Amino acid sequence: MRYFLKPSIALLKIMILMKLGGSIITNKNKPLTPNRNAIKGIAASLKNVNEPLVIVHGGGSFGHYWSVKYDMHTKPQRHGAKGVSAVKNSMVELNNIVLKSFLESGLNPYCLPPSDFIISNKPLIKKVKEIPKIAKTGLTPISYGDVMWFGKNKFYILSGDRIMGILAKILRPRLAIFVTNVDGVYSDMKSKKLLNEITEEIPITSKVSMDVTGGMSRKIKEAFTISKNGTDVFFVNGNIPRRITNAINGKSFEGTIFRG
Ligand code: IP8
């Protein structure tokens, strides 16, 4: 499929928002196991992108592993300190692995915990608006799904997909890209027929036992909302990093687009 840049809009909007899903940066079947090769491959391809880039990554077999173990979810609730600490630390660890890999690939990653720009469950608009300015200096801000303090002794799991929705709504990036370990959105898991373009909200039932934030269905929901606000959204397979740069450069690529 070929993707055409809209010239007038492409000139005004200059930022790419990208989610690196837990399915691609970790081995979801093996607790606490990063997929270093995939991270490295993606980082190497992003080195060639000449546009401000803001990254968000998911929890995969790090954050989700502990969230399941301690029964923590997206709904704010009281939780034991042990669970909160385990989830938080695992996400910091995974973020560190991503940061290191980006650094080794010649990028300038900039750690951006969501608590820097979200308080309770509300974005701090002023802080969010500073993020692209940081990205324009040549740094690559990297945020991540996390366990968040909600207030009133409650914590909740904030999905990286939700962070994508929050940032896209305020920043209106040129493109939003969800990188996963599959080719895009499939019509169903049986036929695995790739949907090239999605124009309306579709019900997807994804059953991933080690995922407390909703897996593919949550991603599609956020993607659909982002596209309704005028940003083109791509789903691409991070195992073939060329597809990410092809989507960015408006070249023929394989994946799914939600046209903005
Ligand atoms: O993988 C979840 O982020 P996601 C983060 O983007 C945690 O849903 C802490 C499980």
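The rules behind each value
Residues numbered from 1 in each chain as written. Predicted model: local features only at pLDDT ≥ 70, side-chain atom pairs only at ≥ 80, totals over all residues. Heavy atoms only, no water. Helix = DSSP H or I, 4+ residues; strand = E, 2+ residues; numbered from the N terminus. Buried < 20%, exposed > 50% of the residue type's maximum accessible area, 1.4 Å probe, protein only. Contact = heavy atoms within 4.5 Å. Axes fitted to C-alpha atoms, helices over the stretch in contact; angles between N-to-C directions. Parallel < 35°, antiparallel > 145°, perpendicular 65-115°, else oblique. Nonpolar A, V, L, I, M, F, W, Y, C, P; charged D, E, K, R; others polar. Near = heavy atom within 4 Å. Polar contact = N/O pair within 3.5 Å; in protein donor to acceptor, adjacent residues only side chain to side chain. Areas by Shrake-Rupley, 256 points an atom, 1.4 Å probe, with all protein chains shown as cover. Salt bridge = Lys/Arg side-chain N within 4 Å of Asp/Glu carboxyl O. Left-handed = near helix turned anticlockwise from the far one by under 90°. Core = buried A, V, L, I, M, F, W, Y, C linked by side-chain atoms within 4.5 Å. Pairing = 2+ DSSP bridges.

1. Describing the side chain of Thr-213
Here Thr-213 is to be found in the loop between β11 (194-195) and α8 (215-228). You can call Thr-213 buried: its relative accessible area is 11%. Discounting residues that sit within four places of it in the chain, Thr-213 has contacts with His-64, Thr-74, Ile-157, Ser-159 and Arg-218.

2. Details of the packing of helix α6 (residues 125-136) against helix α7 (residues 160-171)
Interaxial distance between α6 and α7 falls to 10 Å at its minimum, and their mutual angle equals 85°. Taken together, the axes of α6 and α7 are roughly perpendicular relative to one another. Facing α6, whose interface residues are Ile-125, Val-128, Lys-129, Ile-131 and Pro-132, α7 presents Leu-167, Ile-170 and Leu-171. In terms of residue class, the contact of α6 with α7 is made up of 7 nonpolar, no polar and 1 charged.

3. What to know about the site of the ligand
As a structural note, the neighbourhood of the ligand is formed by 16 residues, with Lys-19, Gly-59, His-64, Gly-160 and Thr-213 the closest of them. Backbone polar atom of Gly-59 to an oxygen atom of the ligand: 2.8 Å apart, as the coordinates give it. In the environment of the ligand, an oxygen atom lies 2.8 Å from a nitrogen or oxygen atom belonging to the side chain of His-64. Protein burial of the ligand: of its 320 Å² of free accessible surface, 97% is covered by the chains. Those elements giving two or more residues to the shell around the ligand turn out to be α4 (60-69), α5 (81-104), β8 (154-158) and α7. The dominant element in the shell around the ligand, judged by the number of residues it contributes, is α4, at 3 residues.

4. With respect to the pattern of salt bridges
For side chains of opposite charge, pairing can occur when their charged atoms come near one another. For the coordinates displayed, the defined rule picks out 10 salt bridges. Across the pair Lys-88 and Asp-146 runs a salt bridge whose closest N-O atoms are separated by 2.6 Å. A residue pair is termed long-range when its members are at least 10 positions apart, and Lys-88 in helix α5 and Asp-146 in strand β7 (residues 146-151) qualify at 58 residues. Between Arg-243 and Asp-183 there is a salt bridge; the shortest N-O distance is 2.8 Å. Taken together, the positions of Arg-243 in helix α9 (residues 242-248) and Asp-183 in the loop between β9 (175-180) and β10 (185-186) put the pair 60 residues apart, joining distant regions of the chain. Each member of the pair Arg-243 and Asp-183 is classed as buried. Bridged by salt links that share partners, the residues Lys-19, Asp-161 and Lys-219 form one connected network.

5. Quick notes on the packing of helix α3 (residues 36-46) against α5
Where α3 contacts α5, the axes come no closer than 9 Å and their chain directions differ by 45°. By the angle between their directions, the pair α3 and α5 is classed as oblique. You can see that α3 and α5 cross each other, and the crossing is right-handed. Taking contact as the criterion, the partners of Arg-36, Ile-39, Lys-40, Ala-43 and Leu-46 in α3 are, on α5, Ile-97, Val-98, Ser-101 and Phe-102. Across the contact of α3 with α5, the residue classes tally to 6 nonpolar, 1 polar and 2 charged.

6. A closer look at the nonpolar core
Met-18, Leu-46, Phe-102, Ile-177 and Val-179 are the most contacted members of the largest nonpolar core, which totals 33 residues. Here this core takes 6 residues from α5, the largest share from any one element. Beyond its immediate stretch of four places on either side in the chain, Ile-177 contacts Ile-16, Leu-17, Met-18, Lys-19, Met-164, Phe-234, Val-236, Ile-244 and Ile-248. Listed in part, the 32 residues of the second largest apolar core include Met-15, Ala-135, Leu-158 and Ala-176.

7. Overview of unusual backbone geometry
The phi dihedral of Asp-71 is positive, around 55°, even though this residue is not glycine. Following the sequence through the fold, Asp-71 ends up in the loop between α4 and α5. Positive phi, normally seen in glycine, also occurs at Lys-152, with a value near 50°. Here Lys-152 lies in the loop between β7 and β8.

8. Remarks on the pairing of β9
Of all 6 residues making up β9, 6 are buried, and the element is well covered by its neighbours. In β9, alternate side chains face the same way, and those of Leu-175, Ile-177 and Val-179 on one face and Ala-176, Phe-178 and Thr-180 on the other are all buried. Bridge analysis of strand β1 (residues 16-20) against β9 gives 5 bridges, and the strand direction is parallel. By the bridge assignment, Met-18 is partnered in β9 with Ile-177.

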